[in-house]
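# Survey of secondary and tertiary structure
These are the residues of each chain, in order.
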Amino acid sequence: MGDEFTLEDALIILQRRFLAFILPVIVIVPLGILTVMLLPAKYTAQGTILVESQQIPTDLVRSTINAYAQERIQTIRQQVMTRNRLLEVADEYNLFPKELGLSESERVKLMRQRLNVQLITTSVNRGSQGDGTIAFTVAYTDREARKAFLVANKFMTLFIDEDIRARTTSASNTTEFFEQESTRLRNAVAEMENRVSEFKAKNSDALPEHLNMHLNMLERARDDYSNAQAAITQLEEERRFLESQLISGTAGDNSLSMELTRLEAELARLRATYHDSYPEIVAKREEIASIRRRMAPSTEIKRLRETLAEKEDALIALERSDAPDEEAVSAAEAEVEAAREALSNRISDETRKGSPDITGVQLEGRIAVIENRIRMLHKKSDETQEQIISLEQRIAKTPEVERGLASLTRDYENLFTEYQDVLSKQQSAQLAENLEINNRAEKFSTLEPPLLPEKPSSPDRPKLMLLAVFAALGAGGVTAFGMELLMSRIRGRAHIANIIGGQPIAVIPYIHGEKEKTGRLPFSISFGRKGKKSRGRGGPGNTLPEAV
């Protein structure tokens, strides 16, 4: 009708449509109570799992598990509630007898509905670690109290065992990863060490750390070369002087020398006039050869000269070796001096015994000694020259070797630093794994185990019954008001005033007939002129005004 209902209208409708109101109530209330009483009882067993903090300070040992407790609980929940796991639990405790005829998917769906996991959290201060989860509950609902109790315990055990397994596996995988990395880096470091060693061995003659030594050696070699050249020059001058004395015969007044000089002069004069086969030239040659044989050194002196040369060669060989032995070099030098002394003594002895040409023998002995010394100095000078060239090449090669070595050393240091870092992390991971194995890290523990439920957790029959009563009253009210709206009856003074747009002058009570009394309240409600309410048994004077 588009009009607003007032309390007076509601009371009038209730009085007029009491039968339409009370019938739904009478029908629905008993049916609702009966339905509530027939609902099957369900039992819920619930346990609480505590999230224990790490027992050892994290400053000393840090766990490798970075996931927060809430994330781990949700992960484990998904693992525990897998299809196969739920079916195993259902079969173990015979939760769904075969006579029910449930498929596997239906059984899994029912178990997931019956299992309930609730987190217990606390407020977290800003800057603190963690998500505030301190515990969580695991509850399972079943029509049988014992099955609810057993399954709840089973799921709590699964949660705790799965947490231990997951944490231990994760810690073991972390440790294994760092072991593999440390092995790989250790092999890489060893390979790099071999490369550095091979590079140093290949360029051992031009290593940067030997540069100062090579410069000093080069300076000494140049000094030795200059000294050797000066000594050679001096000895060659001395040798030329002695040879000139030997040739000119001015060294002494010896008859053989003078005779040799005379014969050589005559031979030169004859050769200028005659052919070499001239008999007199042949005779002069034989005389000159005879005198020279007489003036030649003895066999012993020749042997001593050869011995001196061998000793000098041995000394030079020792000095040219890569790692000369100082004792061996000193011994070789002593042998050379002894050989020189023996040669000088032999020359003196033969001179005292009256050699045919004393002065010539002495001069030849001195010339032989000088020649040996010059030969040794030449060898030493050549070796020094080679050493100078080698040292100059090494010094010139050193910068290039230094760059290559610096590059290898830098790569080695970077690789070694990375290896040390991974090795440190491996040790930390091993400590974390031991922490997990010994259950000293963050873990799940049973705070309150599930108990065998003594009372059903559902349904809540008193509440459901009360809800059924209210539903019945609501249904009765809807029925009564619906009938009133469909019949479009005038409800009272307020309704009349709303229709005519003003207050009525007088209100004449409605006189009910015998048939109209059916379905009305056993009492009447009337309002006086000033809105006062009067109550009494049905009669013409006490009825509610309904018409103008």
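Scroll up for the structure.
In this text the structure is predicted, and so the values were computed from the model without any measurement.

Going through the model one piece at a time under the given rule, you end up with six aromatic pairs. Pairing F177 with F178 gives two aromatic rings, centres 5.3 Å apart and planes at 70°, and the pair type is edge-to-face. Residue F177 is classed as partly exposed on the basis of its relative accessible area of 44%. The class of F178 is buried, set by a relative accessible area of 16%. One aromatic cluster is present, built from ring pairs that chain together F136, F159 and F444.

The strand order across the open sheet formed by four strands is β2-β3-β1-β4, and the pairing between neighbours is antiparallel. Strands at the two margins of the open sheet, each flanked by one partner only, are β2 (115-121) and β4 (443-448). Ignoring which end each strand starts from, the neighbouring axes of this sheet average 30° apart. When β2 meets strand β3 (residues 133-142), the two strands line up antiparallel, connected through seven bridges. Residue N116 lies in a different strand from β3, and its bridge partner there is A139. With respect to the sheet, helix α6 (residues 145-202) is in contact with β1 (43-52), β2, β3 and β4, its orientation differing from that of β3 by roughly 145°.

By secondary structure assignment, the location of T384 is in helix α12 (residues 358-437). The class of T384 is buried, set by a relative accessible area of 7%. Look past the residues within four positions of T384 in its chain and what remains in contact with it is A221, D224 and Y225.

By the element assignment, N372 lies in helix α12. When the C-alpha positions of N372 and E306 are compared, they lie 9.8 Å apart, and in sequence the two are 66 residues distant. Setting aside residues no more than four positions away along its own chain, N372 makes contact with R305, L308 and E312.

Where empty space is left becomes clear once a probe the size of a water molecule has been rolled over the atoms. On inspection of all chains with the given rule, the structure shows two cavities of 30 Å³ or more. Every residue lining the largest cavity is listed: D163, I164, R167, T168, E436, N439, A441, E442 and K443. For the lining of the largest cavity, the element with the highest residue contribution is α6, accounting for four residues. Of the residues assigned to the lining of the largest cavity, the class counts are two nonpolar, two polar and five charged.

Right, let's get into the pattern of salt bridges. Under the counting rule described, the total for this entry stands at 13 salt bridges. Between R167 and E436 there is a salt bridge, and its shortest N-O distance comes to 2.8 Å. Of this pair, R167 sits in helix α6 while E436 sits in helix α12, placing them 269 residues apart in sequence. For R167, a relative accessible area of 5% gives the class buried. With a shortest N-O distance of 2.8 Å, E392 and R222 are connected by a salt bridge. In this pair, E392 sits in helix α12 while R222 sits in helix α7 (residues 211-248), placing the two residues 170 residues apart along the sequence. One network of salt bridges, in which partners are shared, links R72, D163 and E442.

This brings us to the packing of helix α4 (residues 83-93) against helix α5 (residues 104-114). Running from N to C, α4 and α5 point in directions that differ by 90°, and their axes come no closer than 10 Å. If you check the angle between α4 and α5, you find them roughly perpendicular. Contacts from R83, L86, L87, V89, A90 and D91 in α4 reach E104, S105, R107, V108, M111 and R112 in α5. The class makeup of the residues in the contact of α4 with α5 is six nonpolar, one polar and five charged.

Calculation criteria
Along each chain, residues carry numbers from 1 onward, in the same order as the chain's sequence is written. Only residues with pLDDT of at least 70 get local features here, since the model is predicted, and only at 80 or more are side-chain atom pairs given and counted; chain-wide, interface and lining totals rely on the full set of residues. Excluding hydrogens and water, the side-chain values take into account all heavy atoms of the structure. Two rings from Phe, Tyr or Trp (for Trp, the six-membered ring) form a pair when their centres are within 6.5 Å of each other. A pair whose planes differ by under 30 degrees is stacked, one over 60 is edge-to-face, and the rest are tilted. Exposure categories follow from relative accessible area, calculated using a 1.4 Å probe and restricted to protein chains: below 20% of the type maximum is buried, above 50% is exposed, and the middle band is partly exposed. Should DSSP find at least two bridges between two strands, the strands are regarded as paired. Numbered from the N terminus, helices here are DSSP runs of H or I no shorter than four residues, and strands are runs of E no shorter than two. A fitted line through C-alpha atoms serves as each axis, taken over the contacting stretch for helices, and the angle formed by two N-to-C directions is quoted from 0 to 180°. The criterion used for residue contact is that any of the two residues' heavy atoms lie within 4.5 Å. Think of a 1 Å grid over the protein atoms and nothing else: a 1.4 Å probe that fits but is trapped marks a cavity, an open set flanked by protein within 12 Å on at least five of seven lines marks a pocket, and residues with an atom within 4 Å of a point count as lining. Grid points are joined across faces, edges and corners, and a volume is the space filled by probe spheres set on the points. Gly counts as polar in this scheme, as do all residues outside two lists: the nonpolar Ala, Val, Leu, Ile, Met, Phe, Trp, Tyr, Cys and Pro, and the charged Asp, Glu, Lys and Arg. In what follows, salt bridge is the name for a side-chain nitrogen of Lys or Arg lying within 4 Å of a carboxyl oxygen of Asp or Glu. The cut-offs work like this: below 35 degrees is roughly parallel, past 145 is roughly antiparallel, 65 to 115 is roughly perpendicular, and the gaps in between are oblique.

Any functional reading would require information beyond the geometric quantities listed.
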